[in-house]
Protein chains: 4
Amino acid sequence: MKKVLIAGFDVFGDNPLNPGLEAIKLLESQQLEGAEIRVCKVPVTRYESIDTVISAIEAHKPDVVLTVGLAAGRSAITPERVAINIDDFRIADNKGNQPIDVPIVSDGPDAYFSTLPIKAITQRVQERGFPCQVSNSAGTFVCNHLFYGVQHYLRNSHIKHGFIHIPLLPEQDVSGTQPTMSLENIVEGLKIAAQVAITCDGDMKIGAGKIC
Amino acid sequence: MKKVLIAGFDVFGDNPLNPGLEAIKLLESQQLEGAEIRVCKVPVTRYESIDTVISAIEAHKPDVVLTVGLAAGRSAITPERVAINIDDFRIADNKGNQPIDVPIVSDGPDAYFSTLPIKAITQRVQERGFPCQVSNSAGTFVCNHLFYGVQHYLRNSHIKHGFIHIPLLPEQDVSGTQPTMSLENIVEGLKIAAQVAITCDGDMKIGAGKIC
Amino acid sequence: MKKVLIAGFDVFGDNPLNPGLEAIKLLESQQLEGAEIRVCKVPVTRYESIDTVISAIEAHKPDVVLTVGLAAGRSAITPERVAINIDDFRIADNKGNQPIDVPIVSDGPDAYFSTLPIKAITQRVQERGFPCQVSNSAGTFVCNHLFYGVQHYLRNSHIKHGFIHIPLLPEQDVSGTQPTMSLENIVEGLKIAAQVAITCDGDMKIGAGKIC
Amino acid sequence: MKKVLIAGFDVFGDNPLNPGLEAIKLLESQQLEGAEIRVCKVPVTRYESIDTVISAIEAHKPDVVLTVGLAAGRSAITPERVAINIDDFRIADNKGNQPIDVPIVSDGPDAYFSTLPIKAITQRVQERGFPCQVSNSAGTFVCNHLFYGVQHYLRNSHIKHGFIHIPLLPEQDVSGTQPTMSLENIVEGLKIAAQVAITCDGDMKIGAGKIC
């Protein structure tokens with residue numbers, strides 16, 4: 001039986017709600033075809049976030065790792081294409097760190113592509129009726145930080161990994177100023193993504209065009 | 001037992017899906033506290049749309065009428081504040097009508113305010129966790145046309161009426177370009193709106209500030 | 001020689017810059033074909049704003065009145081179609097007034113259409129290469145308040161009047177979060193609007209379809 | 001005397017207007033403090049675009065290279081942070097090429113950071129009153145292609161290079177649907193960017209935090 005590790009950020013600041021956290025609570029008990037799901041709660045702090053996911057990878061020995069975070073303002077589930085080697089925090093993380101234009105790994109390459117089949121995931125999630133689109137920027141805050149750090153750790157591994165941004169929950173912006181997605185649909189979309197990542201074979205190095 | 005009539009547009013053009021139509025299918029069998037729901041399917045054509053709702057009002061003798069239509073691009077359920085006396089169709093309706101700057105009622109006033117308690121509805125829907133916001137323009141297409149026509153018909157009546165715009169369904173834009181709302185949440189929001197409209201008393205002529 | 005009165009709001013809050021105010025400073029000395037421009041600075045306060053424009057109308061006896069205000073977030077010059085009889089201020093005006101859902105004129109009609117040839121203006125401004133679009137809502141703050149109040153005062157007059165919203169100036173949002181328009185282009189657009197309004201004949205009551 | 005090479009794309013498809021092309025026509029005859037400007041017109045085709053800029057670099061031997069392209073929908077001048085090693089063309093280029101998820105340089109790294117002082121440029125352009133913001137994605141079309149290709153060519157050089165996206169011109173969307181910037185302001189912003197890039201010293205490898 002294969003394993004998928006899905007890592008979601010814990011609450012940020014004094015906001016009691018985080019869609020990634022709510023999603024992993026519901027995903028914890030779920031099964032995929034030919035794989036089981038493990039989850040991991042990630043602190044919204046710079047280095048601790050990477051260390052937490054690395055520990056969970058070592059504990060669970062998954063075949064696929066999905067790291068998940070909130071992108072307020074987006075209408076769709078967005079598998080990220082690329083992680084870049086820079087921290088440029090517009091606001092401070094949960095421990096008050098606010099690095100400006102500091103490399104995440106000082107001798108690391110400028111970027112890593114996702115090793116998830118991001119196009120196959122996008123196609124499958126869309127076919128099931130949920131908004132989904134490839135994104136070309138995970139930003140420069142903790143989401144990109146975690147994405148880059150885990151990808152760097154896995155750079156010589158066969159474990160596939162990528163970051164998926166998810167929208168705000170409806171109750172997070174009842175004013176209607178920003179788009180939202182229901183928790184049920186976020187969970188469904190993440191399950192489809194995990195299933196595709198487990199099932200897809202072949203060279204997915206650049207994460208992309210081939211639909212398996 | 002009071003009655004709420006909820007009127008939703010039928011399919012438009014060759015798009016097989018219309019969130020208002022899907023919503024009234026689910027609302028048809030539902031009960032509110034102290035009221036029952038009647039529904040009505042409205043053709044997406046100029047005068048027929050008004051006539052259809054007037055016939056349903058005469059048949060059902062409701063206490064409250066909600067007319068409902070799609071506003072692609074909006075993130076929230078949006079009770080409309082005002083209907084204006086003009087047809088200015090950017091595209092043709094289902095019968096090929098495309099009036100440009102023609103009054104809906106030739107001797108009618110320039111506008112009618114909604115007689116729904118739009119602020120109370122908005123507050124209650126938001127409190128329940130669903131995005132909702134008052135809108136100040138129902139556009140100049142069939143939605144505003146129906147809103148104005150029904151309000152004109154009810155101008156000397158005690159029946160409360162207003163138009164509520166709803167977002168696209170997720171499956172209507174899987175590319176994620178536009179915001180969407182799940183059908184479950186749209187239905188829930190419309191039920192709350194209907195309940196508030198049935199329950200609220202007092203002078204709601206300008207549709208507004210008082211929260212009942 | 002005909003006369004056009006162009007009224008722009010004074011500075012708001014502690015923001016030293018207001019595009020309408022900057023525009024009327026430049027428009028003050030300008031000539032149109034067959035008409036001269038008079039300008040008027042309007043305080044950002046509820047009733048004083050209307051009184052100020054009425055005084056200027058009585059002093060200058062113009063043939064056309066353009067009232068002008070800022071709509072942050074818009075990309076185009078937007079002639080407004082309709083003024084509605086309600087004050088619903090999201091924030092306070094310069095004197096601390098913040099009415100919520102109060103009629104502007106207690107026995108006034110729900111709305112007045114602009115008496116400017118808004119479609120002809122839009123077409124001509126676009127032909128000259130400047131972004132322009134009819135808007136169906138002037139909001140519910142001081143802009144709509146002034147629009148409604150002046151239209152109510154002129155309801156039995158032959159003087160044409162309408163409100164035109166203009167975008168932010170580039171220096172008002174250097175972060176690039178919101179769209180902007182250069183002062184030169186705003187001034188040029190307003191001059192074209194004034195020229196069209198002076199030149200157009202015929203029934204423009206609903207402000208609209210006929211291109212003169 | 002130092003030299004700045006500014007390269008702008010030629011017209012695309014059957015659109016006779018390209019803001020980058022118009023900008024370099026005006027920039028051609030201009031001087032900076034301590035530097036002169038050279039310009040270069042770039043075909044909107046995959047490999048030819050890179051070859052054209054490389055030839056211009058060899059001919060002019062500049063100290064700084066700015067490659068410039070249109071980003072419709074943006075409100076600001078946006079210096080790009082990073083070029084990624086992938087062509088994923090949503091539409092075909094001027095020669096009908098439409099690669100999907102193909103590396104630009106088959107053995108190249110996943111990405112290169114801009115070697116321009118993008119934060120110093122952004123700060124200086126904003127101080128002068130023009131909207132400007134760092135962007136974290138140059139997309140996956142010809143703009144990113146050119147950015148990556150030139151950065152790869154210059155990877156062991158002391159010549160600074162980066163890509164700057166500019167908004168639509170006002171006359172390119174008179175409907176007001178998308179934000180625009182006047183040509184005068186685009187040219188002014190590019191001149192400030194060139195001046196800052198010429199003047200800044202120090203380690204700008206990651207393109208970023210230091211303000212010189």
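As shown above, the structure is provided for reference.
Residues numbered from 1 in each chain as written. Chains lettered and ligands numbered in written order. Predicted model: local features only at pLDDT ≥ 70, side-chain atom pairs only at ≥ 80, totals over all residues. Heavy atoms only, no water.

1. Regarding the interface of chain A and chain D
Cut-off, in case you're wondering: We call two residues in contact whenever any of their non-hydrogen atoms come within 4.5 Å of each other. In short, buried area is how much 1.4 Å probe accessible area vanishes from two parts on joining, totalled over both. Salt bridge criterion: a side-chain nitrogen from Lys or Arg within 4 Å of a carboxyl oxygen from Asp or Glu. Here a polar contact means two N or O atoms within 3.5 Å. Within protein one must be a hydrogen donor candidate and the other an acceptor candidate, and residues neighboring in sequence count only if both atoms are side-chain atoms. Strands here are runs of E lasting at least two residues and helices are runs of H or I lasting at least four, both read from the DSSP assignment and numbered beginning at the N terminus. Charged residues are taken to be Asp, Glu, Lys and Arg, nonpolar residues to be Ala, Val, Leu, Ile, Met, Phe, Trp, Tyr, Cys and Pro, and polar residues to be all remaining types, Gly included.
Across the boundary between the two partners, chain A contributes 22 residues, which contact 22 residues of chain D. Summed over both sides, the interface of chain A with chain D buries roughly 1,700 Å², with 58% coming from carbon and sulfur. The interface formed by chain A and chain D includes eight salt bridges. Here Arg81(D) ties to Asp101(A) by a salt bridge, and the two come within 2.8 Å at their closest N and O atoms. Inspection of the chain A/chain D interface yields ten residue pairs in polar contact (both at pLDDT 80 or more). Elements with a minimum of two residues in the side of chain A that touches chain D: strand S6 (82–84), strand S8 (100–102) and strand S9 (111–113) of chain A. In terms of residue class, the side of chain A that touches chain D is built from eleven nonpolar, five polar and six charged.

2. Structural notes on the sheet that holds strand S10 (residues 160–166) of chain D
Residues and elements named next belong to chain D. Rules: Here a strand pair is declared whenever DSSP counts at least two bridges between the two strands. Fitted lines through C-alpha atoms serve as axes, helices being fitted only where they are in contact, and the angles separating the N-to-C directions of these axes extend from 0 to 180 degrees.
Here we have six strands laid out as an open sheet, ordered S2-S3-S1-S4-S10-S5, and mixed in their pairing. Every interior strand has two partners, whereas the edge strands, strand S2 (31–32) and strand S5 (78–79), have only one. As judged from the seven bridges shared by strand S4 (residues 64–70) and S10, these two strands associate in the parallel manner. Paired with Thr67 across the bridge in S10 is Phe163. Contacts from helix H4 (residues 142–153) reach strand S1 (2–9), strand S3 (35–42), S4 and S10, with the element oriented near 170° to S10.

3. Regarding the packing of aromatic side chains
Residue and element names in this part refer to chain A. In plain terms, the rule: Only rings of Phe, Tyr and Trp enter the pairing, Trp through its six-membered ring, and a pair is recorded when the two centres are within 6.5 Å. The plane angle decides the type: under 30 degrees is stacked, over 60 is edge-to-face, the rest tilted. Exposure classes here rest on a 1.4 Å probe applied to the protein chains alone. A residue is buried below 20% of its type maximum, exposed above 50%, and partly exposed in between.
Tallying each qualifying case throughout the model produces 16 aromatic pairs over all chains. Ring geometry for Phe89 against Phe141: centres 4.8 Å apart, planes inclined by 75°, an arrangement best described as edge-to-face. Of the two residues, Phe89 is situated in the loop between strand S7 (87–88) and S8 and Phe141 in the loop between helix H3 (118–127) and helix H4 (142–153); the sequence distance between them amounts to 52 residues. Residue Phe89 is classed as buried on the basis of its relative accessible area of 1%.

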